[in-house]
Amino acid sequence: MTNFAARMTRHPIPYDLAAADAVAQAYAGHPVVDLLVASAACSPYLRGLMLSEGAWLSDALLGAPETALDAELARLDTANLSSLPNDLRRVKRRLAALIALADLGGVWPTMQVTLALTRLADRAVQLCVSHLIHDEVARGKLPLDAGMVVLAMGKMGAKELNYSSDIDLICLFDQDSYSDPQEARTALIRVTRRMTAILSDVTDQGYVFRTDLRLRPDAAVTPVCVSMASAERYYEAEGRTWERAAYIKARPCAGDIIAGQRFLQTLTPFVWRKHLDFAAIQDAHDMRLRIRAHRGLNGALRLEGHNLKLGQGGIREIEFYAQTRQLIAGGRDMSLRNPTTLGALAALAANGWIKQDEAAALSQNYLAHRDLEHRLQMVNDAQTHDLPTTAQGIDRMAAFSGQDSTMFRAGLLARLAQTDRITTGFFTPEPAPQVPILTPQQSLIVAGWAQYPALRSARAATIFGRLAPLMLARLQTAANPDEALIALDGFLAGLPAGVQIFSLFDANPQLVDLIVDIAATAPQLAAYLSRHSAVLDAVLGGSFFAPWPVDMAKLLTQILERLSDYEHKLDAARLWQKEWHFRIGVHLLRGLISPDQAGRQYSDLANAVILALWPVVCTEFSRRHGAPPGRGAAVLGMGSLGAGRLNAASDLDVIVIYDALGQEVSDGPRPLATRQYFARLTQSFVTAVSAQTAKGRLYEVDVRLRPSGRKGPVATSLAAFHSYQMDEAWTWEHLALTRARVMAGDADLTKDIETLRLQIIARKGQGTQVLDDVADMRARLAAAKSGQGVWEAKLGAGRMMDIELFAQTLALQTASPARSALDQMAAGVLAGKLSQSDGQELAAAYRVMADLQTALRLVSHSANGPATLGQGAGDFVVRSAQGIGSLGAMGARADEIITAYLARKGDGDATG
């Protein structure tokens, strides 16, 4: 590293040269004498340090400042408890001079200055704790020298200490480390008080750091060293938003570091909420206003006497802005959990939570504010943030900053104004529009809102008071405002609480448009939202409207791999699935994707859940009963899941097939016979997917398509499956197999199952019996599940299920591997089983019906057609299923084609 003088880039303008005369004489001829004199001419405190520590400082400034800093900190290793107070004060004086000059000379950038100050604070606290605990152990007052930790909070925790900063500390002890926690508590309280005295007491040698312990839990009534258990209980029951923000920067700095890290890990759910926490905005805004009112900082912006930390456009505004955004989104996005202000702003901008230009402006202003803050404190080593109250004082600060007074004033005012404009726009909500004129019926509905659970708290009611006019105004633009209001009413009635979601809407007005759009079009989706409002978080995540991911299963797997607890994995899978399920619905509702794309995305989502959860379930089951015997088991998706087209209300048809390779029992702590093992593993998987938990359920799961249906075992061996399909299965089971798709399991096993599937289809699709069986099956289905109305998409002659059955017949007859109805019919055309014209007509009809079904299932799980829906939902369905007007004719023609085909005998290869 080059020496100090070679790295200088600036120095102050001397303000009072006469006052620096003694420094000029003492350092005459020194390479950095100009910096020393200029600094001494601006700061009485630094002038005193230059004279009192001249011998050491003169030598230190000849080399690299990093070398001098490291050497002085290392010299403390020889201190003992009796010498420590004076040793620390000596080092503080010397490093205070060195760090200030490295700052004023531009040798170190701002954050390297703060890091150097933090290193000194860390070392001082570490030495105090180490020596004092050792003393308590030696005197028999403590059984061991572990269990106590000191947490650095605030700027010390983030390694951002200012020049004359207090250090904020929380002292904790792990009660489980001691056989007598009460005796240990007494000793550790004594350690904390002695540490504070060593650091803070002002002697003829000065002081080390003013120490503040008031950030500890419930500081008014708790001792200066608190047990971790009581701290956890406090934060869980009473922790406030400002305490959550404080812990963003917390880190263990002394004592039992591992215990401290373990404690901070337990606070993760307290600090970082699982859902977007826009309620934190109001808390931070209220705190800003209380601070300003308490300090009398609400006047017009003027430099004289302005508080650079707490005043308008000051340092705390930037910190609040960054920390509040971190609290909002950091629970979902771990990359935002940066303890530094500059790091937080950069991460927020990189992830789209704040604008890049605003992040750049605030970062630049923050650095400039911190530079000026240091100079304010260097004048007299005072923990102050107030600018001088006189014009002469401002002139001194301008000179200390190396600027003329006019330039200094203009630049500082511009930075304060810009910071205030950016941060105030974030914290202050826009005024709500006027409440539109309502009909008597609408007024009656709105009057009832006050009784809903979500609006019973005063805070929720206040926030909603700003939202209601906006919501009601937007509702008036719906196709049928009364229908939309009723759906919105249902949404509000179903909310268990309101503060969080109303804060979400308040901070993101675009979500009001979305909820009104959903209420006006899809009441079923609005009702779903009232039960799962957390899915709205995903809308703000930055990727909600991005293209569909290539590998959904990988996304979920990465989330699950970060969790260790099985139940937490299941909950995480539910939250993830619901967000993506909601996204598909919104994209379809807003015309961003077609019904066909939505069907494939619903299927892709289900496939990802199965693929990611199956190994999780297997691992958990193996922990108790040993690894799966042989090659384990595979999950087959059947029906629409296998065919790759689901809708918003689909359940999942699955079969589990295993291959134990002759192994008769598992080898775990509680071994199971092979058949019982895979049966219970299958039941565990079904439960993992379908059980209703506090986070809801993933899907309903149906395993009735397995061999022998309800009478057969829930999991089937590969050999038994082969035997059953070849010797016992009905034609309808072979038809179902044409849509089967292996979704999860051992790679070799899945390959063998697919090979077997194709062999069975090829063997069982020949001969006239297939057509006879299908005709009989079709007749029985028509009798049992006839369609209702001309808008019926699924049931009835010539409708979806009928076309799918016919397509499966073609796949079976042609031994095609195709699984979707359209691909299976194309295989029939290619094999000459179906004329091209008939194939095109059937495909066109199927597309319309499938699109209609997908649209209907989004807006209403029970509706029979657009005629039974509200105006908004009906318009959406008609818009989604183009060609719906000719649905009746399409269905009749499809019925005619299928009936004619099944009526033919012989080898069935004549074209229609």
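Here goes a summary of the coordinates provided. Everything quoted here is computed from the prediction, not taken from an experiment.

### Some remarks on helix H30 (residues 674–690)
Given a rise of 1.5 Å per residue, 17 residues ought to cover 24 Å, and the 24 Å separating the end C-alpha atoms of H30 matches this to within 8%. Those residues of H30 that sit buried are Thr 674, Tyr 677, Phe 678, Ala 679, Leu 681, Thr 682, Phe 685, Val 686, Ala 688, Val 689 and Ser 690. Considering only its buried residues, H30 is in contact with helix H27 (566–589), helix H28 (595–625), strand E6 (633–638), strand E7 (652–658), strand E8 (701–702) and strand E9 (715–717).

### Concerning the side chain of Glu 373
Considering the arrangement of structural elements, one finds Glu 373 in helix H17 (residues 356–380). In this structure Glu 373 comes out as buried when scored by relative accessible area, which is 0%. A polar contact is formed between the side chain of Glu 373 and the side chain of Arg 370, at a distance of 2.6 Å. Every residue in contact with Glu 373, bar those within four places of it in the chain, is listed here: Asn 162, Leu 308, Ile 315 and His 385.

### Focus on the packing of helix H15 (residues 315–329) against helix H16 (residues 341–350)
At a minimum axis separation of 9 Å, H15 and H16 run at an interaxial angle of 50°. For the element pair H15 / H16, the angle class is oblique. Once H15 is placed against H16, the crossing between them reads as left-handed. Only Thr 341, Ala 344, Leu 345 and Leu 348 of H16 make contact with H15, whose side of the interface consists of Ile 318, Glu 319, Tyr 321, Ala 322, Arg 325 and Gln 326.

### Thoughts on the nonpolar core
Counting 134 residues, the largest nonpolar core has Trp 449, Phe 491, Phe 502 and Phe 505 as its most contacted members. The leading source of residues in this core is H28, at 14 residues. With sequence-adjacent residues up to four places away left out, Trp 449 is seen in contact with Leu 455, Phe 464, Leu 472, Leu 485, Leu 488, Asp 489 and Leu 492.

### Examining the packing of aromatic side chains
In total, this model carries 13 aromatic pairs according to the counting rule given. The interplanar angle of 80° and the centroid separation of 5.1 Å between the aromatic rings of Tyr 235 and Tyr 247 together place this pair among those described as edge-to-face. Separated by twelve residues along the polypeptide, Tyr 235 in helix H10 (residues 228–238) and Tyr 247 in helix H11 (residues 241–248) bring together distant segments of the chain. Judged by relative accessible area, which is 2%, Tyr 235 ranks as buried. Looking at Tyr 247, the relative accessible area reads 7%, which means it is buried. One aromatic cluster is present, formed by Tyr 234, Tyr 235, Tyr 247 and Phe 270 through successive ring pairs. Between Lys 92 and the ring centre of Tyr 207, over which it is positioned, the NZ or CZ distance is 4.6 Å.

About the cut-offs
Residues numbered from 1 in each chain as written. Predicted model: local features only at pLDDT ≥ 70, side-chain atom pairs only at ≥ 80, totals over all residues. Heavy atoms only, no water. Helix = DSSP H or I, 4+ residues; strand = E, 2+ residues; numbered from the N terminus. Expected span 1.5 Å × (residues − 1). Buried < 20%, exposed > 50% of the residue type's maximum accessible area, 1.4 Å probe, protein only. Contact = heavy atoms within 4.5 Å. Polar contact = N/O pair within 3.5 Å; in protein donor to acceptor, adjacent residues only side chain to side chain. Axes fitted to C-alpha atoms, helices over the stretch in contact; angles between N-to-C directions. Parallel < 35°, antiparallel > 145°, perpendicular 65-115°, else oblique. Left-handed = near helix turned anticlockwise from the far one by under 90°. Core = buried A, V, L, I, M, F, W, Y, C linked by side-chain atoms within 4.5 Å. Phe/Tyr/Trp six-rings, centres within 6.5 Å; stacked < 30°, edge-to-face > 60°. Lys NZ or Arg CZ within 6 Å of the ring centre and 35° of its normal.

Note that all results are geometric; they support no functional claim without further evidence.
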